[in-house]
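Given next are the chains, with one letter for each unit.
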Amino acid sequence: MTGSNERQVGIAGSDAVRIDDPDDPRVAPYRNIRERDLVGREGRFVAEGKVVLDVLFRAQRFTVESVLVLENRLEGLRRVLSSAPADLPVYVASRAVMDAIAGFHIHRGILGIGRRRDTQSADNLLAGLPTRALVVMLVGIANHDNVGAIFRNAAAFGADAVLLDATSCDPLYRKAIRVSVGAALKVPFAAGPDAESILALLARHAFVPVALSPRGRDDIRTLARPERIALVLGTEGEGLPEALMARMRTARIAMAPGFDSLNVAAASAIALHELWEGQ
């Protein structure tokens, strides 16, 4: 059904098309995004919120297919939409229609569908980094909040890239992108099949892996940073496997007596700050 859906609202030099029917095929990629978020969408992903959408428009590695906006958020989105491609479809809907499309209450009222231009291999990504570089390697981090927060920290402290093993969650999950405040669209990343394969690639490109763990030998504050370093982070609780840590240098974050545990995202922020050369 289209009918009244063809009504247009002038916005940022283009037209926003009003959607009154949740089953309108033009907004099909937004349908039931909570359930579909975990199974992939043919290279597509969902960007949520004004700040994230602004980052998406400026990201070189992604394209934007369309935007769906709550009617009372359209006016406040003028500046962000001014940097969008001139032919970008912008859809506007009421609260009831938007929630019916998405399958749950979208409190920010701003969604966009992005798509990867291509998928870069970890080998090619590492080959293109500068002579002096810092990368972050994630092993078994399947929590969207943690992955998003680590990407935010990586962007804040100048990491050149993030590498993820197959057991870590996709940084382009809607929640991971939102928690990262768009950093998952800024910091280059690539995935490898397993930690061993990624370590082999790091060695090929002259990166020294350093495992962060409460059991680490060196205090992160006194660690002499190699020219090319990979900060390796493991899942909460179990942390990095001992067999994997035995193949790397190890570092720890000093803490008060009787306590030796931090959330992996918080730990990454401290470690990356110590390794950051922009201070």
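What counts, and where the lines are drawn
Residues numbered from 1 in each chain as written. Predicted model: local features only at pLDDT ≥ 70, side-chain atom pairs only at ≥ 80, totals over all residues. Heavy atoms only, no water. Helix = DSSP H or I, 4+ residues; strand = E, 2+ residues; numbered from the N terminus. Buried < 20%, exposed > 50% of the residue type's maximum accessible area, 1.4 Å probe, protein only. Contact = heavy atoms within 4.5 Å. Areas by Shrake-Rupley, 256 points an atom, 1.4 Å probe, with all protein chains shown as cover. Lys, Arg positive; Asp, Glu negative; His and termini not counted. Charge placed at Lys NZ, Arg CZ, Asp CG, Glu CD. Pairing = 2+ DSSP bridges. Patch = residues over 30% accessible without salt bridge, like charges linked within 9 Å, V, L, I, M, F, W, Y side chains within 5 Å. Salt bridge = Lys/Arg side-chain N within 4 Å of Asp/Glu carboxyl O. Axes fitted to C-alpha atoms, helices over the stretch in contact; angles between N-to-C directions. Parallel < 35°, antiparallel > 145°, perpendicular 65-115°, else oblique. Nonpolar A, V, L, I, M, F, W, Y, C, P; charged D, E, K, R; others polar. Phe/Tyr/Trp six-rings, centres within 6.5 Å; stacked < 30°, edge-to-face > 60°.

A few words now on the overall build of the protein chain. When its secondary structure is counted, the protein chain shows 10 helices and 13 strands. For the C-alpha atoms alone, the extent of the protein chain along its principal axes is close to 65 × 40 × 35 Å. The buried share among the 279 residues of the protein chain stands at 51%. Across the protein chain, the fraction of contacts at a sequence separation of at least 24, relative to all contacts at a separation of at least 6, is 75%. A total of about 12700 Å² of accessible surface is found on the protein chain, and carbon and sulfur atoms cover 51% of it. Mean positive and mean negative side-chain charge positions of the protein chain (34 and 33 charges, respectively) differ by 3 Å.

What follows covers the pairing of strand 13 (residues 249-252). Of the pairings in the sheet, the one linking strand 10 (residues 208-212) to strand 13 comprises 3 bridges and is parallel in character. Among the inter-strand pairings, Val210 is bridged to a residue of strand 13, identified as Arg249. The sheet contact formed by strand 11 (residues 218-219) and strand 13 spans 2 bridges and is parallel. The residue bridging Asp218 from the neighbouring strand is Ala251, located in strand 13.

On the surface, Met255, Phe259, Leu262 and Ile270 cluster together to form a nonpolar patch covering roughly 340 Å² of accessible area. Secondary-structure assignment places Phe259 in the loop between strand 13 and helix 10 (264-275). In this structure Phe259 comes out as exposed when scored by relative accessible area, which is 56%.

Their axes nearest at 9 Å, the elements helix 6 (residues 144-156) and helix 10 cross at an angle of 10°. In terms of orientation, helix 6 and helix 10 fall into the roughly parallel class. Mapping the contact onto sequence places Asn146, Ala149, Ile150, Asn153 and Ala154 in helix 6 and Val264, Ala265, Ser268, Ala269 and Leu272 in helix 10. Counted by class, the contact of helix 6 with helix 10 contains 7 nonpolar, 3 polar and no charged residues.

The subject of this paragraph is helix 4 (residues 95-102). Where helix 4 is concerned, the buried positions are Val97, Met98, Asp99, Ile101 and Ala102. A positive backbone phi angle near 95° is found at Gly103, which sits one or two residues after helix 4.

Topologically, Asp99 is positioned in helix 4. Ignoring any residue separated from it by four or fewer positions in sequence, one finds Asp99 in contact with Phe104, His105 and Ile106.

Further remarks concern the side chain of Asp54. Along the chain, Asp54 falls in helix 2 (residues 50-58). Its relative accessible area of 14% is what places Asp54 among the buried residues. Residue contacts for Asp54: discarding those within four places in its chain leaves Arg79, Val80 and Ser83.

Buried residues dominate strand 4 (residues 62-70), accounting for 7 of its 9 residues. Bridging between strand 4 and strand 6 (residues 110-116) involves 7 bridges; their strand directions are antiparallel. Counterpart to Phe62 in the pairing with strand 6 is Arg116. The pairing of strand 4 with strand 5 (residues 90-93) spans 4 bridges and is classified as parallel. The partner of Val67 across the bridge, within strand 5, is Val90.

Another point: the packing of aromatic side chains. As enumerated under the stated definition, the model contains 3 aromatic pairs in all. Residues Phe151 and Phe189 carry aromatic rings whose centres are separated by 5.8 Å and whose planes lie at 90° to one another, so their mutual orientation is edge-to-face. Here Phe189 lies in strand 9 (residues 189-191) and Phe151 lies in helix 6, a separation of 38 residues in the sequence.

The next thing to look at is the pattern of salt bridges. Inspection of the entire model under this criterion finds 19 salt bridges. As a salt-bridge pair, Arg18 and Glu71 come within 2.6 Å of each other at their nearest N and O atoms. Highlighted residues: Arg18 in strand 2 (residues 14-18) and Glu71 in the loop between strand 4 and helix 3 (78-81), separated in sequence by 53 residues. For Arg18, a relative accessible area of 17% translates into the label buried. Judged by relative accessible area, which is 38%, Glu71 ranks as partly exposed. Asp145 is the salt-bridge partner of Lys175, the closest N and O atoms lying 3.1 Å from each other. Within this pair, whereas Lys175 is found in helix 7 (residues 174-179), its partner Asp145 is found in helix 6, the two being separated by 30 residues in sequence.

Fair warning: the whole summary comes from geometry, so function is off the table for now.
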